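A structural walkthrough
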Amino acid sequence: MDESRKKKLIWQLPFLTLLIVGTILIIRQQQSTPYQKNSGTIFGTTYHITYQYDEDLQEEIVNKLKEVDDALSMFNKESIISKVNNNEPVVLNDMFVEVFQLAKEISKDTDGAFDITVAPLVNAWGFGFKNEQMPDKQAVDSLMTIVGHQKVNYNGKKIVKKDPRITLDCSAIAKGYGVDVVARLLDKKDIKNYLVEIGGEVVTKGISEKRLPWKIGVTKPTDDALSESGELQTILNVTDKAMATSGNYRNFYYKGKRKYAHTIDPKTGYPVQHSILSATVLTDRCVRADAYATAFMVMGMEKAKKVLEKNPDLMVYFIYDKNGQLDVWYSPSLKEKIQK
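Description of the structure in this document. Quick caveat, the model's predicted, so the values are computed rather than measured.

Within the structure shown, the criterion is met by 19 salt bridges. For the salt bridge of Asp-163 with Arg-165, the shortest nitrogen-to-oxygen distance reads 2.9 Å. One network of salt bridges, with partners in common, ties together Glu-98, Arg-184 and Arg-285.

Quick look at the structure:
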C-alpha cells in the first residue's frame, strides 16, 4: 500500500470509529426507550395507542381527539357538524373542511357509494340514532330527496345545502381521520415506532415492543350479532400502513326470513344485498382506508375491483359468502403481507 493511501486510511479511521460508536449508542437508546400505552373512549368507541417515547403524551393525544370530536361528532351538540346540520351559524375549521372535501372526492370516485348525507336512511332502517325498522317505499322515496353528496357543497366559507333538511354524518370517516391526527402528532415528536387504533381502525409505524413488525388480525365474520369469539380469518403485517375494516356481520336484523344489514346504498335507499361480509383496506392514510372500506361494502366486489384499478395505493382483503361458505379475495399486492 503506498504512503498516500495509508495516510488517507489513517484519517478515515476516526470517522469510521465515531460512526460505529454512534450507531451502537442509537440502537441502545432505542432499546432502552420505553413504550407508552394510552387508552380511553372517543367517538362512541375505544382507542388504544402504543408508542416508544420517553414521555407520556396522553394529555396531548386527548386534546387532539377532542379537536376531532368538536369538528365531526354528531353526538356533540356543540360540534361544527351538529351546527351545520341544524343550520346554525358556525365557523368551519381546517379539520372539518379537510374531511368534508375528502369525503366529496371519495363520493365521486365511488360513484356515490360513499356518501356522508346517508344518515336519514340509516336511521330509517334502524341502524342509526333511532329505533325504526322497515320503512315502506314511500318513506324511502321521501328520504331520498334529502340524500346525495351532490346536494351539498363547500363554497369557501360555509356549507351550502340544496335542502335545509340535509344532514351530514362523518361516522364512516371520522375514526380513520382521528387515527391520522394522532399519528401526525407522534410524527411531529419524531417517534419512530407506534400503533394508533380507534374502534378497529389502525395506523402503524416501525416496530412493536417485541422488536417485531406490527401485525393485526382480521376477524372471521359470524352470523351472530352478539358473538364475541373474535376468531381470526387472517393476520396481516401492517407495518407503516393504515388499515380499516367495514363489515355487515355484527349490525343486522331479520324480518321474516330476510336479513337486513346496516350498510345502506345511498343510490337506492335500501340495505345492500351483496355477498361481501367484510372489507379490509390498507393504504397510507387511515381516513382513506376507513371511507373506502365502507364504499366497497356498498359497491360489491366487481365494482370495487374497478375502483382499485384507479387507486393503486389501496390494497383490500374481502371476506365473502360463496354458496354458504366463507371465501376470500385480496389484492395481489397484499399477498406478501398475509401472515396466516
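Now, onward.
Before going further, it helps to examine the sheet that holds strand S5 (residues 194-198). As summarised here, the arrangement of the 8 strands in space is S1-S2-S5-S6-S9-S12-S13-S14, forming an open sheet in which the pairing is antiparallel. Each edge of the open sheet is held by one strand with a lone partner, namely strand S1 (35-42) and strand S14 (325-330). Across the sheet, the mean angle from the axis of one strand to that of its neighbour is 10°, orientation sign disregarded. In this sheet, strand S12 (residues 276-283) lies alongside strand S9 (residues 242-247) in antiparallel orientation, the contact comprising 6 bridges. Residue pairing across strands places Met-243 opposite Leu-282, the latter belonging to S12. In the packing of helix H7 (residues 174-188) onto the sheet, contacts are made with strand S2 (45-52), S5 and strand S6 (201-205), and the angle to S5 comes to roughly 155°.

This paragraph deals with the packing of H7 against helix H8 (residues 286-299). At a closest axis distance of 7 Å, the pairing of H7 and H8 adopts a crossing angle of 165°. In terms of orientation, H7 lies roughly antiparallel with respect to H8. Crossing of H7 over H8 shows right-handed handedness. Contacts from Ala-174, Lys-175, Gly-176, Tyr-177, Val-179 and Asp-180 in H7 reach Cys-286, Val-287 and Asp-290 in H8. Of the residues contributing to the contact of H7 with H8, the split by class is 5 nonpolar, 1 polar and 3 charged.

What counts, and at which threshold
Residues numbered from 1 in each chain as written. Predicted model: local features only at pLDDT ≥ 70, side-chain atom pairs only at ≥ 80, totals over all residues. Heavy atoms only, no water. Salt bridge = Lys/Arg side-chain N within 4 Å of Asp/Glu carboxyl O. Pairing = 2+ DSSP bridges. Helix = DSSP H or I, 4+ residues; strand = E, 2+ residues; numbered from the N terminus. Axes fitted to C-alpha atoms, helices over the stretch in contact; angles between N-to-C directions. Contact = heavy atoms within 4.5 Å. Parallel < 35°, antiparallel > 145°, perpendicular 65-115°, else oblique. Left-handed = near helix turned anticlockwise from the far one by under 90°. Nonpolar A, V, L, I, M, F, W, Y, C, P; charged D, E, K, R; others polar.

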